[in-house]
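Take a look at the letters that make up each chain.
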Amino acid sequence: MPRRPNILFVMADQHRGDALGADPHCPTDDAGYPFVHTPELNRLVDRGALFSRAYVPAPICVPARQSLWSGQTPASTGATNWYGHPWDFEHTLAGELTDAGYQTQLIGKTHSHPRGNHVGFERLGPTHVGASLRDDDYAEWLQDQSGGKYDKHTGGLESNTWTARPSHVPEHEHATTWTTTKALEFLEERDEDRPFFLTVSYQRPHPPFDPPQAFWDMYIDRELPEPFMGDWTSDTFGDVMPEYPSTDAWIADLSPDEIDRARAAYYGLVTQIDFQLTRLFEAMWRKHGVLDDTLIIYTSDHGEMLGDFHLWRKGFPFEGSARVPLLMQFPAGTEYPTAQTINRPVGLEDIMPTILEFVGVDIPDTVDGRSLLTLVEDPASDWRPYYHGELGPSWSPNDATQYIIDEQYKYAWNPFTDDEFLFDLTADRREIQNLAADPTEEELLHEYRKTLASHLEDRDEGFSDGETLNTVGLDAWEGMETP
């Protein structure tokens, strides 16, 4: 039996879909060139594919990652927001690959629950858990490197904030660089008698918005793209806009300078990841000779609103939060078509069956997702009629959402506030015009309400009787805690 290919799965945290040079909706400069500099990621498409309409099953970290690793929807995992819920799955992507003989390791951010849950990986770590200084290998390493003079919080930035500044640590000590360094150590120490499944999980561009100085400089003096503002923004969020927002506010009407600093830092963090992937790919090619034998996939758990509609962080059905990059590069000599941009709605739960099919491992019956190889072989092939995502209330009832996305439209409904959104994504990818507020589109709106109501029939929360949508109280999310 021929040796199975290696797999490199790269995951960034909070990387929005249009912050990628290869994405057809990446903002451009005055000359028409992509604004965000990601040449290494762009190049993956030459020997693979870009899925330009990749969405998340839940636009927040924990439930999205549960769906990624299990291949299941949030309704199947039982986790529709970020609270609690131990990760106890019968089958996981890493577990199936471990059983098939792969050497499996995750390096970087985990977010599994309880902490230390391997989710099927043979080895978990070194890890970088995000905000905490506890059980964080990067935090301990940084304090040791500095002789206790500084830690990852010394620069004054915290997770989930919109404030930004250049990193207070040297570039070689930044979390993104450290994660790559640990991946390179895996390549040195791996068992060469087995194929590997290596997951490199970057914590950035999730806040803190703290790129090293070189990457801050790439963007801070440029004329940055302005946030999108819909004709519906003030009506929907005007009553909850704080006069003096905290630095971790999910909604804030900030000054242009504050927005520019956040955007410059965010794009700088994305470009830093791209540079570090160059470092990783070069070592795989020149030193270890495994690049041509490796399936590479890059994605994120959700996006970042980055000031669109005055919103920050994630947790919303809008494109900035719910759409992510998804690229794959096939090993050399693949028979699959390459250099494709595939414009069909797909999601994170599709990654597990895609990888398993590619390497010839059986897909468990528990998996809800579908293999993307179907679309690689024929982008016009029969696919799901729409993609569904959801989120229970997390920081506020305003971020509760149910959404469906088809070939043309996105319909989103908040089951707590009853707010509705209907966007024609073929004509309005910026989601400026909410067709749900247009009386001439009432018939179209009714059809999408019916589709979502049918999808949500028999859910325990009581969202629907199968025909109509019903608003529910916060007690519908059993076990929900206060953030």
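Look above for the structure.
Residues numbered from 1 in each chain as written. Predicted model: local features only at pLDDT ≥ 70, side-chain atom pairs only at ≥ 80, totals over all residues. Heavy atoms only, no water.

Participant: Summarise the overall build of the protein chain; cite the residues concerned and give the values.
Facilitator: The secondary structure content of the protein chain amounts to 13 helices and 15 strands. The C-alpha atoms of the protein chain give a radius of gyration of 21 Å, which matches the 23 Å a tight globule of 483 residues would have. In terms of principal-axis extent, the alpha carbons of the protein chain reach across some 65 × 50 × 50 Å. For the protein chain, contacts bridging at least 24 residues in sequence account for 69% of all contacts bridging at least 6. Carbon together with sulfur atoms contributes 44% to the accessible area of the protein chain, which is approximately 18,800 Å² in total. Between the averaged position of the 36 positive side-chain charges in the protein chain and that of its 83 negative side-chain charges there is a distance of 7 Å. (Helix = DSSP H or I, 4+ residues; strand = E, 2+ residues; numbered from the N terminus. Rg over C-alpha atoms; globule rule 2.2 N^0.38 Å. Contact = heavy atoms within 4.5 Å. Areas by Shrake-Rupley, 256 points an atom, 1.4 Å probe, with all protein chains shown as cover. Lys, Arg positive; Asp, Glu negative; His and termini not counted. Charge placed at Lys NZ, Arg CZ, Asp CG, Glu CD.)

Participant: Explain the nonpolar core to me, and be specific about the residues and the numbers.
Facilitator: Phe51, Trp69, Leu97, Phe197, Leu311 and Phe318 are the most contacted members of the largest nonpolar core, which totals 67 residues. Take this core: its biggest share by element is 6 residues, from helix H11 (residues 351–359). If we ignore the near neighbours within four places in the chain, the residues touching Phe51 are Leu326, Met328, Ile342, Val346, Leu372, Leu375 and Val376. Formed by 28 residues, the second largest nonpolar core is a distinct cluster that contains Val10, Val45, Leu184 and Ile296. (Core = buried A, V, L, I, M, F, W, Y, C linked by side-chain atoms within 4.5 Å. Buried < 20%, exposed > 50% of the residue type's maximum accessible area, 1.4 Å probe, protein only.)

Participant: Tell me about the packing of helix H7 (residues 213–220) against helix H9 (residues 256–287), and name the residues and values.
Facilitator: Relative to each other, H7 and H9 sit at 125°, their axes nearing to 8 Å. Relative to H9, H7 is oriented oblique. With respect to the hand of their crossing, H7 and H9 are arranged in right-handed fashion. Here Phe215, Trp216, Met218, Tyr219 and Ile220 of H7 lie close against H9, whose contacting residues are Arg261, Ala264, Ala265, Tyr267, Gly268, Thr271, Gln272 and Phe275. In terms of residue class, the contact of H7 with H9 is made up of 9 nonpolar, 3 polar and 1 charged. (Axes fitted to C-alpha atoms, helices over the stretch in contact; angles between N-to-C directions. Parallel < 35°, antiparallel > 145°, perpendicular 65-115°, else oblique. Left-handed = near helix turned anticlockwise from the far one by under 90°. Nonpolar A, V, L, I, M, F, W, Y, C, P; charged D, E, K, R; others polar.)

Participant: Quick rundown of the pairing of strand S12 (residues 387–391)? Include the residues and the values.
Facilitator: Counting buried residues along S12, 5 of its 5 residues qualify, which places the element largely inside the surrounding structure. Side-chain alternation along S12 places Tyr387, Gly389 and Leu391 on one buried face and His388 and Glu390 on a second face that is also buried.

Participant: With reference to specific residues and values, describe empty space enclosed by the protein.
Facilitator: Within the structure shown, the criterion is met by 5 cavities of 30 Å³ or more. Empty space within the largest cavity amounts to approximately 100 Å³. Taken together, 15 residues make up the lining of the largest cavity; nearest its centre are Pro317, Asn398, Ala400, Asn414 and Phe421. Tallied by class, residues from the lining of the largest cavity come to 8 nonpolar, 5 polar and 2 charged. (1 Å grid on protein atoms, 1.4 Å probe; cavity = no way out; pocket = protein on both sides within 12 Å on 5 of 7 lines; lining within 4 Å. Points joined across faces, edges and corners; volume = space filled by probe spheres on them.)

Participant: Tell me about the sheet that holds strand S8 (residues 323–324), and name the residues and values.
Facilitator: One open sheet accounts for 3 strands, arranged S8-S3-S11; its pairing is mixed. With one partner strand each, in any of the chains shown, S8 and strand S11 (346–347) form the two edges of the open sheet. Here strand S3 (residues 54–55) pairs with S8 via 2 bridges, running antiparallel. Considered in S8, the bridge of Ala54 is made with Val324. (Pairing = 2+ DSSP bridges.)

Participant: Provide a residue-level description of the sheet that holds strand S2 (residues 48–51), including the pertinent values.
Facilitator: Pairing in this open sheet of 8 strands is mixed, and the strands run S5-S4-S6-S1-S7-S9-S2-S10 from one edge to the other. The open sheet has two free edges, formed respectively by strand S5 (123–127) and strand S10 (340–342), since each of these has just one partner strand. Adjacent strand axes in the sheet meet at a mean angle of 15°, parallel and antiparallel pairs treated alike. Inspection of the sheet shows strand S4 (residues 103–108) paired to strand S6 (residues 196–205) by 6 bridges, in the parallel sense. Among the inter-strand pairings, Ile107 is bridged to a residue of S6, identified as Val200. In the packing of helix H2 (residues 61–70) onto the sheet, contacts are made with strand S1 (6–13), S4 and S6, and the angle to S1 comes to roughly 170°. Along the sheet face, H11 touches S1, strand S7 (294–300) and strand S9 (326–329) and points at about 175° away from the line of S7.

Participant: Break down the packing of helix H6 (residues 175–189) against H9 for me, citing the residues and quoting the values.
Facilitator: With their axes 10 Å apart at the nearest point, H6 and H9 run at an angle of 15° to one another. One way to sum up the angle between H6 and H9 is to call them roughly parallel. Judged by the sense of rotation from one axis to the other, the crossing of H6 with H9 is right-handed. Contacts between H6 and H9 involve Thr176, Thr177, Thr180, Thr181, Ala183, Leu184, Leu187 and Glu188 from the first element and Gln272, Ile273, Gln276, Arg279, Leu280, Ala283, Met284 and Lys287 from the second. Here the contact of H6 with H9 is composed, by residue class, of 7 nonpolar, 6 polar and 3 charged.

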